[in-house]
Amino acid sequence: RLLALQEVGRFALVEQVHYLPLLVEALEDKDADVQRNAAALLASLGNQTESAVPVMVAYLREPDSERRGIVMTLLSNLRRTEIPAPIDALRDEEPNIRLGACQTLGKMEKGAEEAIPALIDLLDEVSQDVPDCASVALGKIGKVDDLIEIIQSGSDRQRELISKNAFYHLPEEIDPTE
């Protein structure tokens, strides 16, 4: 199975797309090397994996945190995906899953506006990586009114994260000085 995946990896990207169902299925393989190779191939396909999103989203509900992490990483490499999956993943007990969800939502930019309340909740998390990523995602989403509200009435930590990260990641059409 591993050799077969390696062979698919030698094909042109256009040809690899035909193997999407098999690559997604290989994420469930008992062999960790097969899982990692399948995940790497899916990641290299980038937005070509859009058709595999529903299958990958189903894996986010599995008890295996390593597999959830792999799938969240794959989803974070996509520009667009189904919004409920990353929002649900923001509440996962594993920090790396929450981190991947923040990255995914940040890449979705304005398409992730409904995730804003859940991202704001993560700003008060004790770890550093997840709140930093959540504040960057909030900036990329670019809903300035929400950011200003946090600056005016949020906790000290929330204000610090928003001023440190979010305003530097606003979409180009938004002038941060306003």
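You'll find the structure just up there.
What comes next concerns the included structure.

Reading the values: rules and limits
Residues numbered from 1 in each chain as written. Predicted model: local features only at pLDDT ≥ 70, side-chain atom pairs only at ≥ 80, totals over all residues. Heavy atoms only, no water. Core = buried A, V, L, I, M, F, W, Y, C linked by side-chain atoms within 4.5 Å. Buried < 20%, exposed > 50% of the residue type's maximum accessible area, 1.4 Å probe, protein only. Helix = DSSP H or I, 4+ residues; strand = E, 2+ residues; numbered from the N terminus. Contact = heavy atoms within 4.5 Å. Axes fitted to C-alpha atoms, helices over the stretch in contact; angles between N-to-C directions. Parallel < 35°, antiparallel > 145°, perpendicular 65-115°, else oblique. Left-handed = near helix turned anticlockwise from the far one by under 90°. Phe/Tyr/Trp six-rings, centres within 6.5 Å; stacked < 30°, edge-to-face > 60°. Salt bridge = Lys/Arg side-chain N within 4 Å of Asp/Glu carboxyl O. Arc of directions from axis to C-beta. Polar contact = N/O pair within 3.5 Å; in protein donor to acceptor, adjacent residues only side chain to side chain.

Looking now at the nonpolar core. Ranked by size, the top nonpolar core spans 29 residues in total, and within it Leu 90, Cys 102, Leu 105, Leu 119, Leu 123, Leu 138 and Ile 162 carry the most contacts. For this core, the element with the highest residue contribution is helix H10 (residues 129–141), accounting for 6 residues. Setting aside chain neighbours within four positions, we find Leu 123 in contact with Pro 131, Ala 134, Ser 135, Leu 138, Ile 150, Arg 157, Gln 158, Leu 161 and Ile 162. Leu 5, Val 8, Leu 23 and Leu 74 belong to the second-largest nonpolar core, a separate cluster that totals 16 residues.

Attention shifts here to the packing of helix H1 (residues 2–10) against helix H4 (residues 32–45). Packing of H1 against H4 brings their axes to within 9 Å, and their N-to-C directions diverge by 15 degrees. Between H1 and H4, the angle is such that the two are roughly parallel. In the crossing of H1 with H4, the sense of the turn from one axis to the other is left-handed. Of H4, the residues touching H1 (which contributes Leu 2, Leu 5, Gln 6, Val 8 and Gly 9) are Asp 33, Val 34, Asn 37, Ala 38 and Leu 41.

Here the focus is the packing of aromatic side chains. Evaluated as defined, the whole model comprises 1 aromatic pair. When the ring of Phe 11 is compared with that of Tyr 19, the centres are 5.7 Å apart and the planes differ by 40 degrees; the resulting orientation is tilted. Among the residues examined, Phe 11 registers a relative accessible area of 30% and is labelled partly exposed. Residue class for Tyr 19 comes out partly exposed when judged on its relative accessible area of 29%.

A word on the pattern of salt bridges. According to the stated counting rule, one finds 7 salt bridges in the structure shown. A salt bridge links Asp 132 to Lys 164; its shortest N-O distance comes to 3.5 Å. Taken together, the positions of Asp 132 in helix H10 and Lys 164 in helix H12 (residues 156–164) put the pair 32 residues apart, joining distant regions of the chain. Judged by relative accessible area, Lys 164 falls into the partly exposed class, the value being 39%. Taking the shortest distance from any N to any O, the salt bridge between Asp 146 and Lys 143 comes out at 3.7 Å.

A word on unusual backbone geometry. Despite not being glycine, Glu 109 has its phi angle at roughly 50 degrees, a positive value. Tracing the chain through its elements places Glu 109 in the loop between helix H8 (95–108) and helix H9 (116–122).

What follows concerns H12. When we look at burial in H12, the residues that qualify are Gln 158, Leu 161 and Ile 162. Buried residues of H12 fall within an arc of 95 degrees about the axis and therefore sit on the same side. Packing partners of the buried residues in H12 comprise H9, H10 and helix H11 (144–153).

Right, let's talk about the side chain of Asp 29 for a bit. Secondary-structure assignment places Asp 29 in the loop between helix H3 (20–26) and H4. The class of Asp 29 is buried, set by a relative accessible area of 13%. Side chain to side chain, Asp 29 and Arg 1 meet in a polar contact 2.5 Å long.

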